[in-house]
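One-letter residues, chain by chain:
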Amino acid sequence: MIFAIPIAWLQLIHQKARFVVTLLGIAFVAILLFIQLGFQDALFESSVRLHKSLKGDLFLVSSQYQSLTLEQRFPRNRLYQTLASDAVESVIPLYTQFGKIKNIETGQKYIIFVFGIDPGNSALNLDEVDRQIDQLKFSDRALFDRDSRPEFGPVVALFDNNTDVEIELFSYENNLNAERFKVGGLFSLGTSFGIDGNIIVNYLSFLRAFGGAQADDINIGIINLKDDGDPEQVRRTLQKLLPEDVKILTLPDFIKMEKDYWNLRTPIGFVFRTMVVIGFLVGTGVSYQILYSNVSMHIKEYATLKAMGFKPNYLSRIVFNQALILAILGFIPGLIISVMVYDIAEDATKLPVVMTPLKIALVFFLVTSICTLSGVLAVQKIRSADPADVF
């Protein structure tokens with residue numbers, strides 16, 4: 001097999017301009033796969049940012065819960081019922097709801113996600129929030145997510161310039177009456193495909209801003225266990241104790257449920273899965289055309305080698321070596337360009353479009369598989385080569 005590599009390499013670089021164009025074709029395949037996988041991972045990771053930022057071992061949600069963005073509520077006393085278990089140390093209610101804030105420059109209203117928390121017992125495991133928690137003891141103060149999309153106006157820039165910033169929060173249904181909040185600090189949580197920005201307020205201010213919200217109806221219940229409590233065992237025990245209108249989840253199950261919702265129950269999840277498959281098929285087609293064209297161009301050389309006594313398996317190895325060379329050399333510029341595209345996409349969308357070693361390994365495997373599969377298809381041309389073709 002090693003002996004076949006010089007022939008494979010020499011055939012590829014025989015026409016240097018064609019070789020460069022060929023590498024660009026493979027690089028395009030790699031970029032296509034990187035972009036599809038990058039945005040698919042961004043969809044999943046952004047959807048569970050909050051879940052990973054909650055202080056808790058177990059999480060209580062409505063039995064109808066599907067996703068954070070659907071705002072299913074349940075009675076708060078269900079959360080306090082869990083304190084009957086000796087394994088439970090404390091519980092924390094969390095209120096969430098979509099509202100609208102007005103862009104302080106244009107006056108246009110944009111939808112934002114609002115958290116109502118107890119300043120004395122914060123539900124969020126965010127250092128920036130903990131350091132500024134005293135701000136939320138005031139009913140007219142709010143913390144603003146610096147990673148929110150720019151549609152909300154220059155809130156972050158003004159705050160960083162020590163300028164007092166006041167935002168108007170409207171309930172989702174009410175465009176007339178607003179609660180005014182002074183931005184008391186910034187924190188970083190980030191956006192998702194369903195959430196463009198976040199603010200945190202005192203839960204009493206939350207209930208006042210959303211007139212339809214009731215203190216006894218919460219969105220997420222957070223359960224902290226004693227040090228010796230096993231989350232899965234306690235979960236099973238509490239689930240039997242509580243009525244069927246709620247369900248208890250461990251953190252991995254909570255995260256999985258959210259990802260499954262976006263992956264299996266939304267159109268965008270289907271689109272991303274489909275696009276990855278299409279990317280693989282398009283890549284196979286592009287790679288096959290490249291290798292088949294190269295084989296066709298050198299078909300007389302292959303026929304000559306056959307006439308000289310070289311076995312078809314040896315000639316096939318030449319094509320497979322070419323496929324491997326193209327996969328490696330085409331993948332490198334594809335990776336470099338994709339890293340730059342990821343940086344641009346992350347800045348533009350505020351989504352976690354991040355290059356990871358696992359993603360690099362996966363795309364390299366896919367590109368290599370595509371080129372190998374294309375080689376299998378293209379090698380049929382060699383097997384049909386007749387030594388008589390050289391005469």
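Up top is the structure.
Residues numbered from 1 in each chain as written. Predicted model: local features only at pLDDT ≥ 70, side-chain atom pairs only at ≥ 80, totals over all residues. Heavy atoms only, no water.

Asker: Explain the overall build of the protein to me, please; I cannot follow it from the model alone.
Answerer: Tallying secondary structure elements over the protein gives 13 helices and 11 strands in all. Whereas a compact globule of 391 residues would reach a radius of gyration of roughly 21 Å, the protein reaches 29 Å, over 25% beyond that. In terms of its C-alpha atoms, the protein occupies a principal-axis envelope of roughly 90 × 55 × 35 Å. Going through the 391 residues of the protein one by one, you find that 48% of them count as buried. Of the contacts formed within the protein by residues at least 6 apart in sequence, a portion of 78% connects residues at least 24 apart. By element, 58% of the accessible surface of the protein is carried by carbon and sulfur atoms, the whole surface being about 18,500 Å². (Helix = DSSP H or I, 4+ residues; strand = E, 2+ residues; numbered from the N terminus. Rg over C-alpha atoms; globule rule 2.2 N^0.38 Å. Buried < 20%, exposed > 50% of the residue type's maximum accessible area, 1.4 Å probe, protein only. Contact = heavy atoms within 4.5 Å. Areas by Shrake-Rupley, 256 points an atom, 1.4 Å probe, with all protein chains shown as cover.)

Asker: How do you make sense of the side chain of Thr-22 when you look at a structure like this?
Answerer: In this structure, Thr-22 sits in helix H2 (residues 16-47). In this structure Thr-22 touches Ile-290 and Leu-326, once residues within four positions along its chain are discounted.

Asker: What is the right way to read the nonpolar core from this model?
Answerer: Nonpolar side chains tend to gather and get buried jointly when the protein is soluble and globular. One finds Leu-60, Ile-112, Val-114, Phe-144, Leu-169, Ile-199 and Ile-223 to be the most contacted residues of the largest nonpolar core, which totals 35 residues. Setting aside chain neighbours within four positions, we find Leu-169 in contact with Gly-99, Lys-100, Ile-101, Ile-112, Val-114, Asn-177, Ala-178, Glu-179, Phe-181, Ile-199, Ala-209 and Phe-210. In this structure, Ala-30, Phe-331, Val-353 and Ile-370 belong to the second largest nonpolar core, which totals 33 residues. (Core = buried A, V, L, I, M, F, W, Y, C linked by side-chain atoms within 4.5 Å.)

Asker: Looking at this structure, how should I read the packing of aromatic side chains?
Answerer: Both the distance between ring centres and the angle between the ring planes are used here to describe each pair of aromatic rings. Overall, the coordinates contain 14 aromatic pairs when judged by the stated rule. Three or more aromatic residues link up through ring pairs in this structure, and these residues are Phe-34, Phe-331, Tyr-342 and Phe-364. For the cation-ring pair, Lys-109 lies above Phe-170, with the distance from its terminal atom to the ring centre recorded as 4.8 Å. Geometry around Phe-138 places Arg-141 over its ring, the cationic atom sitting 4.8 Å from the centre. (Phe/Tyr/Trp six-rings, centres within 6.5 Å; stacked < 30°, edge-to-face > 60°. Lys NZ or Arg CZ within 6 Å of the ring centre and 35° of its normal.)

Asker: Got a minute to help me understand the packing of H2 against helix H9 (residues 251-264) in this structure?
Answerer: What describes two packed helices is the angle between their axes and the distance between those same axes. Interaxial distance between H2 and H9 falls to 9 Å at its minimum, and their mutual angle equals 140 degrees. Compared by their axis directions, H2 and H9 come out oblique. Crossing handedness for the pair H2 and H9: right-handed. Between H2 and H9, the residues in contact are Leu-43, Phe-44, Glu-45 and Ser-47 and Glu-258, Lys-259, Trp-262 and Asn-263, respectively. In the contact of H2 with H9, the residues fall into 3 nonpolar, 2 polar and 3 charged. (Axes fitted to C-alpha atoms, helices over the stretch in contact; angles between N-to-C directions. Parallel < 35°, antiparallel > 145°, perpendicular 65-115°, else oblique. Left-handed = near helix turned anticlockwise from the far one by under 90°. Nonpolar A, V, L, I, M, F, W, Y, C, P; charged D, E, K, R; others polar.)

Asker: Looking at this model, I keep getting lost on the side chain of Ser-171. Mind explaining?
Answerer: Of note, Ser-171 is situated in strand E6 (residues 166-171). Leaving out residues up to four positions away in the same chain, Ser-171 has contacts with Lys-100, Ala-209 and Phe-210.

Asker: I keep staring at a nonpolar patch on the surface and nothing clicks. Help me out?
Answerer: Together, Leu-324, Ile-328, Ile-332, Ile-336, Ile-337, Met-340 and Phe-364 line one region of the surface with nonpolar side chains, adding up to about 590 Å² of accessible area. Among the elements that line the nonpolar patch, the one with the most residues is helix H12 (residues 312-349), at 6 residues. (Patch = residues over 30% accessible without salt bridge, like charges linked within 9 Å, V, L, I, M, F, W, Y side chains within 5 Å. Salt bridge = Lys/Arg side-chain N within 4 Å of Asp/Glu carboxyl O.)

Asker: What should I look at first to understand H9 in this one?
Answerer: Counting along an α-helix, one turn takes 3.6 residues, and residues three or four places apart therefore face a common direction. For H9, built from 14 residues, the straight-helix expectation of 20 Å at 1.5 Å per residue is met to within 8% by its first-to-last C-alpha distance of 20 Å. Of the residues making up H9, those classed as buried are Phe-254, Ile-255, Glu-258, Tyr-261, Trp-262 and Asn-263. (Expected span 1.5 Å × (residues − 1).)

Asker: Can you walk me through the pairing of E6 in this structure?
Answerer: Residues in a regular strand point their side chains to alternate faces of the sheet. Among the 6 residues of E6, 5 are classified as buried, and the element is accordingly described as predominantly covered. In the sheet, strand E3 (residues 88-102) pairs with E6 via 3 bridges, with the strands oriented antiparallel. Counterpart to Gly-99 in the pairing with E6 is Ser-171. (Pairing = 2+ DSSP bridges.)

Asker: Would you take a moment to explain the pattern of salt bridges for this structure?
Answerer: Oppositely charged side chains can pair when the atoms bearing their charge come close. The final tally for this structure, using the stated rule, is 18 salt bridges. Ionic pairing is found between Glu-128 and Arg-146, a salt bridge with its closest N-O pair at 2.5 Å. Here Glu-128 is found in helix H5 (residues 127-131), whereas its partner Arg-146 is found in the loop between strand E5 (141-145) and helix H6 (155-160), with 18 residues between them in sequence. In this structure, Glu-232 and Arg-235 form a salt bridge, with 3.0 Å as the shortest nitrogen-oxygen distance. You can see Glu-232 and its partner Arg-235 sitting in helix H8 (residues 231-241), 3 residues apart, about one turn around the helix. For Glu-232, a relative accessible area of 28% puts it in the partly exposed group. Via salt bridges that share partners, Lys-102, Glu-166, Glu-168 and Arg-180 belong to a single interconnected network.

Asker: Even after reading the chapter, I still don't get a negative patch on the surface, so can you show me in this structure?
Answerer: On the surface, Asp-57, Glu-89, Asp-227 and Asp-228 cluster together into a patch of negative charge. Residue position: Asp-227 is located in the loop between strand E10 (220-225) and H8. (Lys, Arg positive; Asp, Glu negative; His and termini not counted. Charge placed at Lys NZ, Arg CZ, Asp CG, Glu CD.)

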